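Next come the chains, spelled out residue by residue.
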Amino acid sequence: MSTTEVLSLNQLDAIQAVDPEIHDLIRLEERRQANVIRLIPSENYASRAVMQATGTVLTNKYSEGYAGKRYYEGQEYIDQVERIAVERAKALFNMPHANVQPYSGSPANQAIYLALLEPGDKVMGMALPSGGHLTHGAKVSFSGKLYTPVPYTVSAKDHLLDFTEIRRIALEERPKLIFCGHSAYPRVLDFAKFAEIAKEVGAVLVSDIAHISGLVVSGAHPSPAGIVDIVSTTTHKTLRGPRGGMLLSREEYGAALDKAVFPGLQGGPHNHTTAAIAVALKEAATPEFTSYGHQIVRNAKALAEGLLSHGFRLITGGTENHLILIDITNKGLSGREAAKALAEAGIVANCNAIPFDTRKPFDPSGVRIGTPAITSRGMKEPEMKRIADWMAEVVASAGVAAVKARVAGEVRDLCASFPAPGISI
Ligand code: DSN
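Residues numbered from 1 in each chain as written. Predicted model: local features only at pLDDT ≥ 70, side-chain atom pairs only at ≥ 80, totals over all residues. Heavy atoms only, no water.

K.L.:
What should I look at first to understand the packing of aromatic side chains in this one?
P.N.:
Each aromatic ring pair is described using two quantities: the centre-to-centre distance and the angle formed by the ring planes. Within this structure, the stated rule accounts for 9 aromatic pairs. Seen in terms of ring centroids, tyrosine 113 and tyrosine 147 are 4.8 Å apart; in terms of plane orientation they differ by 45 degrees. Their pairing is tilted. Of the two residues, tyrosine 113 is situated in helix H6 (residues 105–116) and tyrosine 147 in the loop between helix H7 (142–145) and strand E6 (148–152); the sequence distance between them amounts to 34 residues. A single burial state applies to tyrosine 113 and to tyrosine 147, both of which are buried. Members of the aromatic cluster, each reached through a chain of ring pairs, are Tyr113, Phe142, Tyr147 and Phe179. Seen from the ring of tyrosine 45, arginine 38 lies directly overhead, with NZ or CZ sitting 4.4 Å from the centre. The lysine or arginine in question, lysine 331, covers the ring of phenylalanine 312, its NZ or CZ lying 4.5 Å from the ring centre. (Phe/Tyr/Trp six-rings, centres within 6.5 Å; stacked < 30°, edge-to-face > 60°. Helix = DSSP H or I, 4+ residues; strand = E, 2+ residues; numbered from the N terminus. Buried < 20%, exposed > 50% of the residue type's maximum accessible area, 1.4 Å probe, protein only. Lys NZ or Arg CZ within 6 Å of the ring centre and 35° of its normal.)

Rendered as structure tokens:
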């Protein structure tokens, strides 16, 4: 390996010199990410190229406004970066308008509210315990405090979306905006059915595809393009970019959304993030990424099969996307207890509410897992079976330190054979 290559794998030398404390913590986190099986379905490994873009001089530049119409001088290169990101986003998602400036998913959704609604207007979204997101009208969020939430849930019978009920609520409440797209729903979304309902009640339809955007661009999940009015997404989940957000829309909503992002909500865009988004979008347009998206789903299905064979109870009975929601209560543990035991064994998930949960959100009945990050490491179906076996063993003996320690060691060995993108150790 040449000196340049060694240096490029170890780019923290300046941090180490200035701030060894933070340097060491970054290195420890890097090691943690390398040595554990990361199953939190909203997390991933960004590529080295994406991470390099985030650590550039672009962070030094203010650029309030949009390409060609900025408030400060010196934008000749920043404009080009943002234009490239916008064009790649439009092409990849097949939507006529794109804004790549939202700082993340929640600010992207805030911009939609600001662009289209007045305080107090009705917004229909999936209730949080059913798998919705805070910004879709949860009472504790700005969306539920400043606007009038009209929640829908999944069916109590099978935990699937019940379009008869969603339509009934929409007809009764006449919301101005309807959100579809969820943080803990393991099934394919039927955008057309939502669109029919939105059209019938005259609502704007937003699909928040933060969780599944990488699946959408790889064809592993149907696309909302041409069906919904606005698409909101983060860029760091299945899309595997930097932490950030994007809005895509029909042309008619573009100007209002742009104005809501800036100057409505934000100041200068984070240009280093914009560059990294552009890089991630380029990566996401490759055949390798298409295979990646499909493998995420195949892995999730294999993991679900493995868990079912061990008697785990899965919400909706399985998965069609990247995530699995486990009702862990039949294993005699709460969601938090199970997630904690798994983490001690090197398998990192998050506890999560299940539909109609009777437990508190901080210690709910479920565990949410997903396959985006482990698929980025190249793990496939055989590894999913091993992970399911380990999960069963750890959950069955959650209080036994020796079991967790042994599994953590086996997990480390497996991880060593599947190097994580962007990590040099
Ligand atoms: N925090 C994200 C998730 O884990 O799903 C949603 O914003």
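There is more to say after this.
K.L.:
I keep staring at the sheet that holds strand E15 (residues 366–370) and nothing clicks. Help me out?
P.N.:
Note: strands within a sheet are paired through backbone hydrogen bonds, in either parallel or antiparallel orientation. Read across the open sheet, the 4 strands follow the order E11-E12-E15-E14; overall the sheet is antiparallel. Whereas interior strands pair on both sides, the edge strands pair on one side only; in this sheet they are strand E11 (313–314) and strand E14 (350–352). With 5 bridges joining them, strand E12 (residues 323–327) and E15 adopt antiparallel strand pairing. Its bridge partner lying in E15, leucine 323 is registered against glycine 370. (Pairing = 2+ DSSP bridges.)

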